[in-house]
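# Report on the structure
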Amino acid sequence: NIFIYKMNQCLSFIRNFRPIKGSDGVIRNLVDDDLSEVSTNNGVYILVSPRTRFVYPKGSSKVIYIGQTNNIKRRLKEHQKNLRNAIFDNHNEIWHPDRYNYMKYHGGAKVYYYTCKGNQESKELESRIMEMFYDKYMATPIGNCERSFR
């Protein structure tokens, strides 16, 4: 399946990773997709450009942003609203956080999310994923401003 291949390629920095009894979910188009079926659990999500690979010190990746939340559905709806606002701001009247401008000018965003189960904390899971990204590319994703994982 070409979709699975592309997903594995986008997330190749994640090695030997499975959330503790976690379940995965995918949003193919953050701008237009209905998010009603998205989990309300805590977890981590990864925003990925559908078409652009961004250059990092040690390679390139489609990953724009890695985030954590205590309610995946609520947080993705916030991202969806902010991305839509950035896209429809044709006159660039408002400053939008960089992650939304990257999504706006590079084809929107796909989202891969991982829910936490049991005692797993979303911050711990985000730190693990962020550290794997940093170890592979020697930088945080372009939409992440700080390095809070170490």
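Note that the structure is a prediction, hence the values are computed from the model and not measured. Within each chain, residue numbers correspond to sequence positions counted from 1 in written order. Given that this is a predicted model, residues contribute local features only at a pLDDT of at least 70 and side-chain atom pairs are listed and counted only at 80 or more, while totals for whole chains, interfaces and linings are drawn from all residues. Hydrogens and water molecules were not included; the side-chain quantities draw on all heavy atoms of the structure.

## Digging into the environment of Lys62
Stated precisely, the cut-off is as follows: For helices the rule is a DSSP run of H or I covering at least 4 residues; for strands it is a run of E covering at least 2, with both sets numbered from the N terminus onward. Two residues qualify as a contact provided that any one of their heavy atoms is within 4.5 Å of a heavy atom in the partner residue. Throughout this description, a polar contact denotes any pair of N or O atoms lying within 3.5 Å of each other; where both atoms belong to protein, one of them has to be capable of donating a hydrogen while the other can accept it, and for residues adjacent in sequence the pair is counted only when both atoms sit in side chains.
Along the chain, Lys62 falls in the loop between strand 4 (59-61) and strand 5 (63-69). Contact partners of Lys62, with chain neighbours within four places excluded, come to Cys10, Leu47, Val48, Ser49, Pro50, Arg51, Thr52, Arg53 and Phe54. A polar side-chain atom of Lys62 sits 3.4 Å from the main-chain carbonyl oxygen of Pro50.

## Some thoughts on the sheet that holds strand 5
Note the following rule: Strands are treated as partners if at least two bridges between them are detected by DSSP. To get an axis, a line is fitted to the C-alpha atoms, and for a helix only the part in contact is used. The angle between two axes follows their N-to-C directions and goes from 0 to 180 degrees.
The strand order 1-6-2-5 describes an open sheet built from 4 strands, whose pairing is antiparallel. The open sheet has two edge strands, strand 1 (24-27) and strand 5, and neither has a second partner. The sheet shows a mean angle of 15° between the axes of neighbouring strands, taken without regard to direction. When strand 2 (residues 43-48) meets strand 6 (residues 110-115), the two strands line up antiparallel, connected through 6 bridges. Counterpart to Val44 in the pairing with strand 6 is Tyr114. Sitting on the sheet, helix 4 (residues 122-137) touches strand 2, strand 5 and strand 6, and the angle it makes with strand 5 is about 160°.

## A look at the confidence of the model for the protein
As a reminder of what qualifies: A residue's pLDDT is the confidence the predictor assigns to it, expressed on a 0 to 100 scale.
In this model, the protein carries a mean pLDDT of 85, and residues with pLDDT of at least 70 account for 85%. Per-element averaging of pLDDT across the protein places helix 1 (residues 2-10) at the bottom with 54 and strand 5 at the top with 96. Within the model, pLDDT remains below 50 along residues 1-5, and this stretch shows 3 contacts once partners closer than five positions in the same chain are excluded.

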